[in-house]
Amino acid sequence: MKKHHLALFILLLLVSFSSGSMAQTSLSPIFSDLFLEARADFEHNNFRGVPSPDNNIVGFRGGYFHLRMGGELGGGFSYFLRQRIIARPGSTALFDNTDFLYLNYQASDHFSFRIGKDALYVGGYEYDAPPIDVYFNSYYWDEYNCFQLAASTAYSFADGKQKIGLQVAASPYIYSMATHPELYDKEYTKSLLSYNLMWNGTFGHFNTLYSVNMFERKRGSFMNVIALGHKLIYDNWDIYLDFMHYSLGTDDWGKCFGLVSCANYKVLPWLNLFAKGGYETNHSKYECLYADHANGLSDAHNILARPETDSYYYGLGVEIVPTSCNDVRLHCCLSQYHNRHPDLGNPSIKTTDRSLYAKVGVTWFIDIHRMVVSKLLK
């Protein structure tokens, strides 16, 4: 028994030195959530368009490797950590590879307060999903610098079915050196902020994730985001529809938005089929030219949408969870992307890039807390 206790102590000591959003975490007692999770894929990407007329990529790719830990500290305090275990260190800050590292205080049955590294309070179900569960996605999903240092408060209604959250956080327009080395010590040090108001509700089978967001692009200049997520959930199927609207000015309505939908159908307890698709467009008059963005002469003013571009995608997939082990998940999916934008050689005409992605992979979850507790109880 002493050896088991020593092994547990060493494990927790190592965890302490290693390094979703409101809808993603549930915490109780101190190590109720202690996980390692990973995903690996075999991919075939066929890209036809600019810059290469024929570009094929085939190979294995490590997707995600996370440490997840959370629980109660007592006195109404709880914590949560999700750390991406990456070979390279953070480039600009200690928390570069940390998704979540926050302290939560439950002040009453209705009010809670949170501070630390957190997801920006943005609506929509594609945005809210843990990245390890997303096999193909919209352009905006890839471009969000959504994990930022933040302070927030939330109010839960008496019926337990609705919650409103208010958050002040670093703006996603703050870049890391890993993504924009030319802006290091420029944008990063401007202390740009975002202001985020989120409401989520559960009404029988119908759920919502709505938000209104103001992202500071430069001091005193903002991009507005309205994100509306809707989801129907039944016993063996569910479907969501997300709508995102962006505006760089007060008269910029209807020029830049996105739609995403995904449906799941559980044919058997171990077999899930899903279909997903989306449409995104950016024709804001305040945006830079596509050619300048493509040639690296200008960053997009809306970092979540490509300038002068209309994009749509669709795909199908299968998930298999072996009945003998619920901690393993196999997946296979096929998706097609189309991006229509001005031709670089002649901006007066439009050209379309097409990309076909095939992916086969496995996700596995190591519930350290459950394994250690079961060992100690033997």
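Everything below is about the structure printed above this text.
Residues numbered from 1 in each chain as written. Predicted model: local features only at pLDDT ≥ 70, side-chain atom pairs only at ≥ 80, totals over all residues. Heavy atoms only, no water.

Details of the environment of Cys262
Then step 1. Following the sequence through the fold, Cys262 ends up in strand S12 (residues 256-268).
Then step 2. Residue Cys262 is classed as buried on the basis of its relative accessible area of 9%.
Then step 3. Through-space distance from the C-alpha of Cys262 to that of Lys276 is 4.2 Å; in sequence the pair is 14 residues apart.
Then step 4. Not counting residues within four places of it along the chain, the set of residues in contact with Cys262 comprises Asp238, Ile239, Tyr240, Ala275 and Lys276. (Helix = DSSP H or I, 4+ residues; strand = E, 2+ residues; numbered from the N terminus. Buried < 20%, exposed > 50% of the residue type's maximum accessible area, 1.4 Å probe, protein only. Contact = heavy atoms within 4.5 Å.)

Points about the packing of aromatic side chains
Then step 1. Counted under the stated rule, the structure contains 24 aromatic pairs.
Then step 2. Between the aromatic rings of Phe257 and Tyr279, the centroid separation amounts to 6.1 Å while the plane-to-plane angle is 50 degrees, which identifies the pairing as tilted. Residue Phe257 is found in strand S12, and its partner Tyr279 is found in strand S13 (residues 271-282); the two are separated by 22 residues along the sequence.
Then step 3. The exposure class of Tyr279 is partly exposed, given its relative accessible area of 31%.
Then step 4. Here the aromatic residues Tyr135, Phe136, Phe274, Tyr313, Tyr337 and Tyr357 are joined through ring pairs into a cluster of three or more.
Then step 5. The ring of Phe35 has Arg68 lying over it, and the distance from NZ or CZ to the ring centre is 4.3 Å. (Phe/Tyr/Trp six-rings, centres within 6.5 Å; stacked < 30°, edge-to-face > 60°. Lys NZ or Arg CZ within 6 Å of the ring centre and 35° of its normal.)

A closer look at the pattern of salt bridges
Then step 1. Taken as a whole, this structure holds 13 salt bridges when the rule is applied.
Then step 2. A salt bridge links Asp41 to Arg39; the nearest nitrogen and oxygen atoms lie 3.2 Å apart.
Then step 3. Relative accessible area serves as the criterion here: at 1%, Asp41 is assigned to the buried category.
Then step 4. Assessed through its relative accessible area of 4%, Arg39 is described here as buried.
Then step 5. Taking the shortest distance from any N to any O, the salt bridge between Arg329 and Glu319 comes out at 3.8 Å. With a gap of 10 residues between them, Arg329 in strand S15 (residues 328-342) and Glu319 in strand S14 (residues 309-320) connect regions that are remote in the sequence.
Then step 6. Through salt bridges with shared partners, one network takes in Asp33, Glu37 and Arg68. (Salt bridge = Lys/Arg side-chain N within 4 Å of Asp/Glu carboxyl O.)

Let's talk about the nonpolar core
Then step 1. Residues Tyr127, Tyr140, Tyr144, Phe215, Met223 and Tyr246 are the most contacted members of the largest nonpolar core, which totals 45 residues.
Then step 2. Listed in part, the six residues of the second largest apolar core include Leu34, Met69, Tyr79 and Leu81. (Core = buried A, V, L, I, M, F, W, Y, C linked by side-chain atoms within 4.5 Å.)

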